[in-house]
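# Analysis of the macromolecular model
This is what each chain is made of:
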Amino acid sequence: MLEITPVRAFSDNYIWLIHSPRDPRQVLAVDPGDAAPVQRTLAERGLTLAGILITHHHADHVGGVAELLRRPGPTSQASPLGDIALFGPAREKVPGEPVRLREGDRVRLDELGLAFEVLDVPGHTAGHIAYVGHGAVFCGDTLFSGGCGRLFEGTPEQMTASLGKLAALPEETRVYCAHEYTVSNLKFSLAVEPDNEDAAAYLRECEAKRARDQATVPSTIGRERKVNPFLRCREQSVKQAAERRAGRGLQSEAEVLAVIRQWKDGFRG
Ligand code: ZN
Ligand code: FE
């Protein structure tokens with residue numbers, strides 16, 4: 001299992017530091033929207049930033065990249081990769097000159113003992129990618145625990161396909177999303193599926209964690225299949241709730257997703 005250190009940024013972002021299994025002092029940072037908290041964590045723990053993985057172009061995910069490339073902080077040892085390796089989506093503009101990735105590409109960092117496969121997961125943004133490996137997925141703002149990203153640049157059809165790829169990962173896959181939105185997402189899950197006991201129990205668990213200021217993420221794919229309405233658009237309960245909301249029959253999974261995504265946009269739990 002990967003060793004991961006969460007770094008909190010802004011009000012509810014997580015920047016994940018992935019430790020090398022070969023040398024846990026070497027880390028990759030996923031979506032560093034802010035350099036300062038990453039630099040602080042690197043310094044406090046004597047870590048070296050070996051690389052950066054970017055999922056999409058939004059500022060809260062890339063805002064710290066340029067600064068980290070310039071000043072990664074006082075490194076205790078050199079990275080086996082030399083310069084900080086930078087990876088990002090092929091179809092989006094992000095800072096620096098990343099290795100540009102699309103579905104089917106692999107990030108192979110043999111020196112660190114790390115390898116990830118890339119999935120195209122458009123919907124939140126047009127070129128959003130996810131990194132899958134070592135029993136984990138780093139999915140940015142595509143899949144959240146209990147929810148999914150807003151459709152800023154993509155269509156409901158694209159988001160349905162993207163979430164379908166993530167839902168098809170093995171159920172024990174740990175889901176490292178980029179925001180702590182779980183409690184408010186689950187309140188919405190229960191508005192869609194009031195009888196979903198898994199969602200109700202998970203909400204209580206997550207509220208208790210938040211009261212202790214603990215992170216609710218990572219989640220797992222298996223759990224998300226049970227509690228996340230955006231992965232459950234084929235379930236009759238979700239489809240019927242969406243049809244009641246829309247006041248008409250809905251044929252496809254994407255139509256159901258479109259309705260519940262819009263519903264969520266205006267939902268105040
Ligand atoms: Zn975003
Ligand atoms: Fe974000």
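Here goes a summary of the coordinates provided. (Residues numbered from 1 in each chain as written. Chains lettered and ligands numbered in written order. Predicted model: local features only at pLDDT ≥ 70, side-chain atom pairs only at ≥ 80, totals over all residues. Heavy atoms only, no water.)

## Thoughts on the coordination of the iron ion (ligand 2)
Going by this rule: The rule for donors is simple: an N, O or S atom within 2.8 Å of the metal counts, and for Na, K and Ca the reach is 3.2 Å. Water is not among the atoms, so a site may look short of donors. All geometry calls rest on donor angles, where a four-donor set with angles between 85 and 135 degrees is tetrahedral, four- and six-donor sets with opposite donors more than 155 degrees apart and all others between 65 and 115 are square planar and octahedral, and all else is irregular. Helix numbering and strand numbering both begin at the N terminus, where a helix is a DSSP run of H or I of at least 4 residues and a strand a DSSP run of E of at least 2. Exposure classes here rest on a 1.4 Å probe applied to the protein chains alone. A residue is buried below 20% of its type maximum, exposed above 50%, and partly exposed in between.
The coordination sphere of the iron ion (ligand 2) contains the protein donors Asp60 (OD), His61 (NE2), Asp141 (OD) and His179 (NE2), at a distance range of 2.1 to 2.3 Å. Relative to the metal, the four donor atoms surrounding the iron ion (ligand 2) lie at angles of 85 to 166°, and the coordination shape comes out irregular. Between consecutive donor residues of the iron ion (ligand 2), the sequence gaps follow D-H-x79-D-x37-H. The distance between the iron ion (ligand 2) and the zinc ion (ligand 1) comes to 3.3 Å, with Asp141 serving as a donor to both metals. Taken together, the residues Asp141 in the loop between β10 (136-140) and β11 (143-144) and His179 in the loop between β13 (174-177) and α5 (182-192) connect sequence positions 38 residues apart. Like Asp141, the residue His179 is buried in the burial classification.

## Here we look at the side chain of His124
Applicable threshold: Nitrogen and oxygen atoms within 3.5 Å of one another constitute a polar contact, given that in protein one can donate a hydrogen and the other can accept it, and given that sequence-neighbouring residues count only through two side-chain atoms. The contact criterion used throughout is that any non-hydrogen atoms of two residues lie within 4.5 Å.
Take His124: it is sitting in the loop between β8 (114-120) and β9 (129-133). What makes His124 buried here is its relative accessible area of 3%. Polar side-chain contacts of His124 include one of 3.3 Å to the side chain of Asp141. Once residues within four sequence positions are removed from consideration, His124 is found in contact with His56, His58, Asp141, Gly149, Arg150, Leu151, Phe152, Glu153 and Met159.

## Some thoughts on the sheet that holds strand β3 (residues 26-30)
Operational definition: Strand pairing is defined by DSSP finding a minimum of two bridges between the two strands. A fitted line through C-alpha atoms serves as each axis, taken over the contacting stretch for helices, and the angle formed by two N-to-C directions is quoted from 0 to 180°.
With respect to topology, six strands assemble into an open sheet ordered β1-β2-β3-β4-β5-β6, the strand pairing being mixed. The open sheet has two edge strands with one neighbour each: β1 (4-9) and β6 (99-101). Direction aside, neighbouring strands of the sheet carry axes that sit 25° apart on average. Where β1 meets strand β2 (residues 13-19), six bridges bridge the pair, whose relative direction is antiparallel. The partner of Pro6 across the bridge, within β2, is Trp16. Against the sheet, helix α1 (residues 35-45) touches β1, β2, β3 and β4 (48-53), its axis set at about 140° to β1.

None of the figures reported here should be taken as evidence of function without further support.
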